[in-house]
Amino acid sequence: MGKGSGYGKVILFGEHFVVYGLPGIASAVGLTTDATAVKSGKMAVKDERKGTEGYSDAKRAHQLESLERMFGAMGLNEKAFDIWLGGDLPVMSGIGASAASSVAIARAVSEEAGLDYDDDKINEIAYEMEKAFAGNPSGIDNTVATYGGLIWFEKNLAGGQNKIEKIRAPSAVEIVMGNSGVVADTKKMVEGVAERRKQHPEKYDAIFKKAEALAFKAREALEKGDIGAVGALMDENHKLLQEIEVSCKELDELVEIAKANGALGAKVTGGGGGGCMVALTPGKELQERVAQAMEGRGFKVLRTRIGV
Ligand code: MEV
């Protein structure tokens, strides 16, 4: 039996903009999707991950396409495995569930098929698999799902090596991820941004410039441990995401609840249009206050930490 895991992630800065080669900052959350793979007479996937209702069903076609892509990338003609998916990472849009499962499955199949790929090769294969879920992904999600940690990411638009650097933050910080309860389609969200950018090039150029400057400032603040500044920059990032129309009513409501209850910063995380937002809530007390306020309004939340 082959086994593998992939980390869930939270994008702190730069989602959507990373697709265009601008910098993004993301952190693994300390939860994983785990997979096993056993050679078998036919292909079967047993998905026991918990999370947003309807998520796994809504993603089934993408999941199957991603497996086809994996077999292609691995050059495997033998496509008959019993795959099991579980782990403590809840499935919901925005937490990198598809990337975590891609990495976990690629690791499990690689082991079972005797390929024994290293992390770099797994990351490459998971990127191919992510195309089924995100169309034209930047690669940030599979990178964090593979290596973990807090990372700075720049996609190489010419097709060469992406820039991937570890960011050293002085300490881990509590966050709350609020789930809108809406299953989102990352591929459609990415395509929507591309479409609107084509229609309004000047407006989007100005927003992209701001997003780039913001990521550099955020890296500096994270490295210094200036959490107040990180929060303020997250708020600014949220405004840019609203301007490119990837937030939604539920996510804006969650951001408002977070801010009204003392979060230092709050923003959409991931593809948006549903899925999750992230609130920066250093200390267990603030984290609990913000989480309970969201739960009191009927939202599901995840209490976790970045920079672990
Ligand atoms: C999705 O988690 C992040 C996006 O920027 C897409 C990508 O980077 O591939 C929206």
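Since we're looking at a predicted model, the values are computed, not measured.

J.: Which residues make up unusual backbone geometry, and what values do they have?
T.: Unlike most non-glycine residues, His-16 shows phi in positive territory, near 70 degrees. Its location among the elements puts His-16 in the loop between β1 (2-13) and β2 (24-39). The phi angle at Asp-116 is positive, at roughly 45 degrees, despite the residue not being glycine. With respect to the secondary-structure elements, Asp-116 resides in the loop between α3 (97-112) and α4 (119-134).

J.: Lay out the packing of aromatic side chains in plain terms, naming residues and giving numbers.
T.: As enumerated under the stated definition, the model contains five aromatic pairs in all. Three or more aromatic residues joined by ring pairs make a cluster, and in this case those are Phe-17, Tyr-20, Tyr-204 and Phe-208. Positioned above the aromatic ring of Tyr-117, the side-chain terminus of Lys-121 is 5.6 Å from the ring centre.

J.: Just give me the short version of the sheet that holds strand β8 (residues 265-269), but keep the residues and values in it.
T.: If you trace the four strands from one edge of the open sheet to the other, you get β8-β9-β7-β10, paired in antiparallel fashion. For this open sheet the edge positions go to β8 and β10 (300-306), each flanked by a neighbour on one side alone. Averaged over neighbouring strand pairs, the angle between their axes works out to 25 degrees when direction is ignored. Bridge analysis of β8 against strand β9 (residues 276-280) gives five bridges, and the strand direction is antiparallel. Counterpart to Thr-269 in the pairing with β9 is Cys-276. Relative to β8, helix α8 (residues 227-243) is tilted by about 45 degrees, and along the sheet it contacts β7 (173-179), β8 and β9.

J.: Go over the site of the ligand, please, and point to the residues and values.
T.: In the vicinity of the ligand, 13 residues are found, and the nearest of them are Lys-9, His-16, Pro-137, Ser-138 and Asp-141. The separation between an oxygen atom of the ligand and a polar side-chain atom of Asp-141 is 2.7 Å. Look at the ligand: alone it shows 300 Å² of surface, and the protein chains cover 96% of it. Its residues assigned to classes, the shell around the ligand shows six nonpolar, four polar and three charged.

J.: How would you explain the nonpolar core if you had to name every residue and give the values?
T.: Within soluble globular proteins, side chains that are nonpolar tend to cluster in buried spots. Core analysis: the biggest nonpolar cluster contains 67 residues, and Phe-13, Phe-17, Ile-25, Met-277, Ala-279 and Met-294 have the highest contact counts within it. When residues of this core are assigned to domains, at least three fall in each of domain 1 (2-166) and domain 2 (173-306). Each residue touching Ala-279, except ones within four places of it in the same chain, is listed here: Glu-174, Ile-175, Val-176, Ala-258, Ala-263, Gly-265, Ala-266, Val-290 and Met-294. Core analysis: the second largest hydrophobic core is formed by 22 residues, Leu-76, Ile-83, Ala-99 and Ala-145 among them.

J.: I'd love a proper account of the domain arrangement of the chain, names of residues and values included.
T.: Here the chain is described as being made up of domain 1 (2-166) and domain 2 (173-306). For domain 1 and domain 2, the distance between their C-alpha centres works out to 22 Å. Each partner contributes residues to the interface: domain 1 has 39 residues there, and domain 2 has 45 residues. Between domain 1 and domain 2 lies a buried interface of about 3,300 Å² when both sides are counted; carbon and sulfur atoms form 70% of it. If you sort the residues of domain 1 by the area they bury against domain 2, Phe-13, His-16 and Phe-17 come out on top, with a joint share of 22%. Counting across the domain 1 and domain 2 interface gives two salt bridges.

Thresholds applied
- Residues numbered from 1 in each chain as written.
- Predicted model: local features only at pLDDT ≥ 70, side-chain atom pairs only at ≥ 80, totals over all residues.
- Heavy atoms only, no water.
- Helix = DSSP H or I, 4+ residues; strand = E, 2+ residues; numbered from the N terminus.
- Phe/Tyr/Trp six-rings, centres within 6.5 Å; stacked < 30°, edge-to-face > 60°.
- Lys NZ or Arg CZ within 6 Å of the ring centre and 35° of its normal.
- Pairing = 2+ DSSP bridges.
- Axes fitted to C-alpha atoms, helices over the stretch in contact; angles between N-to-C directions.
- Contact = heavy atoms within 4.5 Å.
- Near = heavy atom within 4 Å.
- Polar contact = N/O pair within 3.5 Å; in protein donor to acceptor, adjacent residues only side chain to side chain.
- Areas by Shrake-Rupley, 256 points an atom, 1.4 Å probe, with all protein chains shown as cover.
- Nonpolar A, V, L, I, M, F, W, Y, C, P; charged D, E, K, R; others polar.
- Core = buried A, V, L, I, M, F, W, Y, C linked by side-chain atoms within 4.5 Å.
- Buried < 20%, exposed > 50% of the residue type's maximum accessible area, 1.4 Å probe, protein only.
- Domains from an automatic or database assignment.
- Buried area = accessible area lost by both parts, 1.4 Å probe.
- Salt bridge = Lys/Arg side-chain N within 4 Å of Asp/Glu carboxyl O.

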